[in-house]
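Residues per chain are reported as follows:
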Amino acid sequence: MGGSAGTAGSGGPDDVTGVLGSLAVSSSVAAPPAEPDGPPRGLGVSVPAADADAKTQGTFPYAADLWAEGLLWAAVLRSPHPHARILSVDTRTAAAMPGVHAVVTHADVPGDPAHGRRVADRPVFASDLVRHHGEPIAAVAADHPDTARLAAAAIAVEYEVLEPVTDPEQAFAAEPLHPDGNLIRHIPLSFGDPGITGEVIVEGLYRIGRQDPAPIGAEAALAVPRPDGGVEIYTASTDPHADRDMAAACFALEPERVKIVVTGVPGAMGDREDSGVQLPLGLLALRTGHPVKLAATREESFLSHAHRHPTLLRYRHHADAEGKLVKVEAQILMDAGAYADSSGDVLAAAVAFACGPYVVPHAFVEGWAVRTNNPPSGHVRGEGAMQVCAAYEGQMDKLAAKLGLDPAELRMRNIMATGDLLPTGQTVTCPAPVAELLGAVRDFPLPSLPDDEEWPLPGGPEGAGEPSAVRRGVGYGVGMVHMLGAEGADEVSTATVKVSGSVATVICAAVETGQGFSTLARQIVQDVLGVTDVHIAPIDTDQPPCGPAAHGRHTWVSGGAVERAARMVRTQLLQPLAAQFGMSTELLTIADGRITSYDGVLSTTVAEALDGKELWATAQCRPHPTEPLDETGQGDAFVGIAFCAVRAVVDVDVELGSVRVVEMAVAQDVGRVLNPAQAQTRIEAGITQGVGAALTENLRTNAGHLRRPDFAGYALPTSLDTPDIRIVKLVEERDVVAPFGAKAISAVPVVTSPAAVASAVRAATGRPVNRLPIRPQAAVAAGV
């Protein structure tokens, strides 16, 4: 960590207003007003969410609600084919329509025609080849949204339809779909002796479907031209500086002439990282000289943003007669879709965690990520780890059945602890209380069976078969995820804290995506400075970068920067008082807006101590470095790891194959609970998303075409599908290298719960259940 500090007038950072002419984004997020007797605040208590009032009052600034003088509307023409050669694009009819101001294609991209999060291989507009269904071909700006859509439909494109490559196993031998080839990354992990074999061997083939992040809020953006020839883009970006740099390269502009202003983010699990909306809008704004807005339809969202990687996994587990694991062999094939995106990172997580949180002395894992003509895949919460968890837990169930052991007991005999090695050769140095987690859910009382009249049977009201066909199953899932970026990613974050009077302001480009960072930042400042009224400044790229909102990095890295800056301000505030009374600053405390000394001689308010001055400090937080995996999959690739155990109880109609999840008991390794209510909410949300992946969520394709890209065809779990979620235990064993000792909370329940549901269905039916989501025919009991 490092930092700088100063007082008002010494060159401190300007306030961030987020206002442009008649267009305004919320100026700040403030703490709710204090109650007369003082509400709870600071770290470790359940303070209200910082944006709760704005969301409940309807003033939260979603991009879809923004407006500007002279506003035009955009529409994007997308390919109806998953693979085709573009022979011609005729925009003359569209450009001549009344109300149309501009039509842009690949020929109108002045800078780099390709972009991407990790690999710049994705064109803004397809030029010669279409590589997936829904790929952008052209964009239109018009004075009415209906006119824009009609004009886009009037663009005449002549295609030569090509045979799509939709099976990732065929991608190895297929003609290259991209100049970079079809293989994105190959990781051959080798750990131990390949000649070792076990007394007991089980094998399995597993398939994981294409889960969509399914954002409820519209994906939207507004681009506004600047007087200097640049452009400002207002959107729900989760990594604004990366988006700015991609846009500047595309527009052939200097980065300082492109500004990303972050609007309210209606939740994000990877889908907000797609730039397919922002880049066409920026081009249209620059071309027309007008603000241009686009709010994607639900179908456009399904077509354009990244999905969870569909994955094929082959496993062979070796164990001794007592059930101790001897060797794990695995092959992992991930379908990246048409472009690389973050597939290399996702594959690294899958390969590294392919054996799960178990001690495996010998492991040999090969992983591939390949291009196909399927919809794009990318970062979705728990990426890589979720797919392998479903597979290795299926293997543990098979091994337990073959040995005649209780599934929980078999897992307990192999469980990982602090000091053990990952198959990458990295030592697990963080707290790893996995045995404690598994024991907690195993020993938690099972739900009782209700009377027949009260039994909510699988299949919904009036939709189930006979109660006599219902079987109850209990299953387990134990999983792990990495925190922060991996394989050498620089995770630095910067924050500024300013205090004036009785008000503090935090300036930090860490985006609030629903993970609670704005609330955490407020709690940190309240805890360190004792100031109740804390404002979080709106975010744009004029601030120093903080990186993407993923893998719990803002709790760790950005929260660490806020704490560092707040402590520097605290020192500035207390030093003059300490010197005046001849004592050290350590003998002074700040609480509830008052500064007091250990002996009670000094007692004053923070506002009085400031005496009209403004104090500020800027600080950085950077965790210890990591390294890329080498040619054998070895390396210290991860900063930290979080663990979770889930026990699922399900009822299955073994004749119809319908499944109802009755209860999910959860025990999680959290390091430290910073906001109990928020932690509970995040775990419950993660479990619900995992239940969706286990039972209903699968974005289906037919020869590369998306089938039913809407919420009628893509079945999200509702409140009626959500089981009773019992948070049995939160283990608060602090990670000493993390600020506050806290670990990421949201992702690991998503990783673990699908495996637990599949395990419980196996227990109820006796079927192998090797595909997610679970199809009805897989939940029909053997012999029925």
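Above: the structure in question.
Structural notes, computed from the coordinates. Nothing here was measured: the structure is a model prediction, and the numbers come from that model.

Calculation rules
- Residues numbered from 1 in each chain as written.
- Predicted model: local features only at pLDDT ≥ 70, side-chain atom pairs only at ≥ 80, totals over all residues.
- Heavy atoms only, no water.
- Helix = DSSP H or I, 4+ residues; strand = E, 2+ residues; numbered from the N terminus.
- Rg over C-alpha atoms; globule rule 2.2 N^0.38 Å.
- Buried < 20%, exposed > 50% of the residue type's maximum accessible area, 1.4 Å probe, protein only.
- Areas by Shrake-Rupley, 256 points an atom, 1.4 Å probe, with all protein chains shown as cover.
- Lys, Arg positive; Asp, Glu negative; His and termini not counted.
- Charge placed at Lys NZ, Arg CZ, Asp CG, Glu CD.
- Core = buried A, V, L, I, M, F, W, Y, C linked by side-chain atoms within 4.5 Å.
- Contact = heavy atoms within 4.5 Å.
- Expected span 1.5 Å × (residues − 1).
- Patch = residues over 30% accessible without salt bridge, like charges linked within 9 Å, V, L, I, M, F, W, Y side chains within 5 Å.
- Salt bridge = Lys/Arg side-chain N within 4 Å of Asp/Glu carboxyl O.
- Pairing = 2+ DSSP bridges.
- Axes fitted to C-alpha atoms, helices over the stretch in contact; angles between N-to-C directions.
- Phe/Tyr/Trp six-rings, centres within 6.5 Å; stacked < 30°, edge-to-face > 60°.
- Parallel < 35°, antiparallel > 145°, perpendicular 65-115°, else oblique.
- Left-handed = near helix turned anticlockwise from the far one by under 90°.
- Nonpolar A, V, L, I, M, F, W, Y, C, P; charged D, E, K, R; others polar.

Considering the overall build of the protein chain
On a plain count of helices and strands, the protein chain comes out with 15 helices and 35 strands. Relative to the globule expectation of 28 Å for 784 residues, the C-alpha radius of gyration of the protein chain, 27 Å, shows essentially globular dimensions. Projecting the C-alpha coordinates of the protein chain onto the three principal axes gives extents of approximately 80 × 80 × 60 Å. Among the 784 residues that make up the protein chain, the fraction classed as buried is 58%. A total accessible area of about 28,800 Å² is found for the protein chain, and carbon and sulfur atoms account for 51% of it. Distance between charge centres in the protein chain, computed from 59 positive and 93 negative side chains, equals 2 Å.

Quick word on the nonpolar core
Counting residues in each nonpolar core, the largest one holds 158 residues, and the members touching the most others are Tyr315, Ile595, Phe643 and Val757. Once you skip the residues sitting within four places of it in the chain, Tyr315 turns out to touch Val202, Glu203, Gly204, Tyr206, Val328, Glu329, Ala330, Ala354, Val388, Ala391, Tyr392 and Gln395.

Observations concerning helix α11 (residues 517-529)
With 13 residues, α11 ought to run about 18 Å at 1.5 Å a step, and its terminal C-alpha atoms sit 18 Å apart, in line with that. With 12 of its 13 residues buried, α11 lies for the most part within the structure. Every buried residue belonging to α11 is among Phe517, Ser518, Thr519, Leu520, Ala521, Arg522, Gln523, Ile524, Val525, Gln526, Val528 and Leu529, and all of these are buried. Among the residues trailing α11, Gly530 stands out with phi positive, at a value near 70 degrees.

Let's talk about a negative patch on the surface
On the surface, a cluster of negative charge is made up of Glu627, Asp630, Glu631 and Asp636. Structurally, the position occupied by Glu631 is in the loop between β29 (614-621) and β30 (638-653). Given a relative accessible area of 62%, Glu631 falls into the exposed group.

Here's the deal with the pairing of strand β11 (residues 136-142)
Counting buried residues along β11, seven of its seven residues qualify, which places the element largely inside the surrounding structure. Across six bridges, strand β5 (residues 72-78) lies against β11 in antiparallel orientation. Its bridge partner being in β11, Ala74 is matched across the sheet by Ala141. As defined by bridge partners, strand β7 (residues 100-104) adjoins β11 across four bridges and the pair is classed as antiparallel. Looking at β11, one finds that Val100 is bridged to Ala142.

Here we look at the sheet that holds strand β28 (residues 603-605)
Taken in spatial order, the three strands line up as β26-β27-β28 in an open sheet, and their pairing is antiparallel. Across the chains shown, the open sheet's two edge strands, defined by having one partner strand only, are β26 (588-591) and β28. Averaged over neighbouring strand pairs, the angle between their axes works out to 20 degrees when direction is ignored. Sheet analysis places strand β27 (residues 594-597) next to β28, joined by three bridges and oriented antiparallel. Residue Thr596 lies in a different strand from β28, and its bridge partner there is Ser603. On the sheet, helix α12 (residues 553-580) packs against β26, β27 and β28 and is oriented at approximately 130 degrees with respect to β26.

Topic: the packing of aromatic side chains
Evaluated as defined, the whole model comprises six aromatic pairs. Aromatic pair Phe60 and Tyr62: ring centres 5.0 Å apart, planes at 70 degrees, arrangement edge-to-face. Residue Phe60 is classed as buried on the basis of its relative accessible area, which comes to 11%. Among the residues examined, Tyr62 registers a relative accessible area of 29% and is labelled partly exposed. Grouping aromatic residues by their ring pairs yields a cluster made of Phe302, Phe711 and Tyr714.

Describing helix α15 (residues 747-765)
End to end, α15 covers 29 Å across 19 residues, agreeing with the expected 27 Å (1.5 Å per residue, within 8%). α15 sits mainly inside the fold: 18 of its 19 residues count as buried. Just past α15, the residue Gly766 takes up positive phi, approximately 75 degrees.

Remarks on the packing of helix α4 (residues 240-251) against helix α5 (residues 278-288)
For the pair α4 and α5, interaxial distance at closest approach is 10 Å and the crossing angle is 50 degrees. Taken as axis vectors, α4 and α5 run oblique relative to one another. Seen along the crossing, α4 lies across α5 with a hand that is right-handed. The residues of α5 that touch α4, namely those facing Asp243, Met246, Ala247, Cys250 and Phe251, are Gln278, Leu279, Gly282, Leu283 and Leu286.

Quick word on the pairing of strand β14 (residues 200-208)
Burial of β14 is one-sided: the residues Val200, Val202, Gly204, Tyr206 and Ile208 facing one way are buried, the residues Ile201, Glu203, Leu205 and Arg207 facing the other way are not. Looking at chain direction, β14 and strand β19 (residues 311-319) are connected through nine bridges and run antiparallel. Bridging from a neighbouring strand, Gly204 pairs with Tyr315 of β19. Two elements, β14 and strand β35 (residues 771-772), share two bridges in a ladder whose sense is parallel. Of the residues in β35, the one forming a bridge with Ile208 is Leu772.

So, the pattern of salt bridges
Within this structure, the stated rule accounts for 34 salt bridges. A salt bridge links Glu160 to Arg85, with the nearest nitrogen and oxygen atoms 3.2 Å apart. You can see Glu160 sitting in strand β12 (residues 156-161) and its partner Arg85 sitting in strand β6 (residues 84-90), a full 75 residues away along the chain. The class for Glu160 is partly exposed, based on a relative accessible area of 36%. Of the residues examined, Arg85 reaches a relative accessible area of 36% and is grouped as partly exposed. The salt bridge involving Arg442 is made with Asp443; its shortest N-O contact spans 3.0 Å. Within this structure, Glu393, Asp397, Arg411 and Arg762 form a network of salt bridges that share partners.

Some words on the packing of helix α8 (residues 385-403) against α15
Packing of α8 against α15 leaves a shortest axis separation of 8 Å and a crossing angle of 30 degrees. Classed by the angle they form, the pair α8 and α15 counts as roughly parallel. Like other packed secondary-structure pairs, α8 and α15 cross with a definite hand, here right-handed. Residues Ala385, Met386, Cys389, Ala390, Glu393, Gly394 and Asp397 of α8 form the contact with α15, whose participating residues are Val750, Val751, Thr752, Pro754, Ala755, Ser759 and Arg762. Grouping the amino acids of the contact of α8 with α15 by side-chain chemistry returns eight nonpolar, three polar and three charged.

Focus: the sheet that holds β5
A sheet is described by the order of its strands in space; here seven strands give the open sequence β7-β11-β5-β18-β15-β16-β17, paired in mixed fashion. One side of each edge strand has no neighbouring strand; the edge strands of this open sheet are β7 and β17 (258-262). For this sheet, the mean inter-axis angle between neighbouring strands, taken without regard to orientation, is 20 degrees. Where strand β16 (residues 231-235) meets β17, five bridges bridge the pair, whose relative direction is parallel. Each bridged residue has a counterpart across the sheet, and for Thr235 the counterpart in β17 is Val262. In this fold helix α3 (residues 145-154) packs onto β5, β7 and β11, with an angle of close to 25 degrees to the strand it touches most, β5.

What about the environment of Leu577?
With respect to the secondary-structure elements, Leu577 resides in helix α12. Look at Leu577 and you get buried, because its relative accessible area is 12%. For Leu577, the residues in contact, after removing those within four places along its chain, are Leu588, Ile595, Leu602, Thr604 and Ala609.

A closer look at unusual backbone geometry
Between Leu772 and the following residue, Pro773, the backbone shows a cis peptide bond with an omega angle of -5 degrees. Locating Pro773 in the fold gives a position in the segment after β35. The backbone phi angle of Ala252 is positive, close to 60 degrees, even though this residue is not glycine. Relative to the helices and strands, Ala252 resides in the loop between α4 and β17. On the basis of relative accessibility, which here comes to 48%, the residue Ala252 falls in the partly exposed class.

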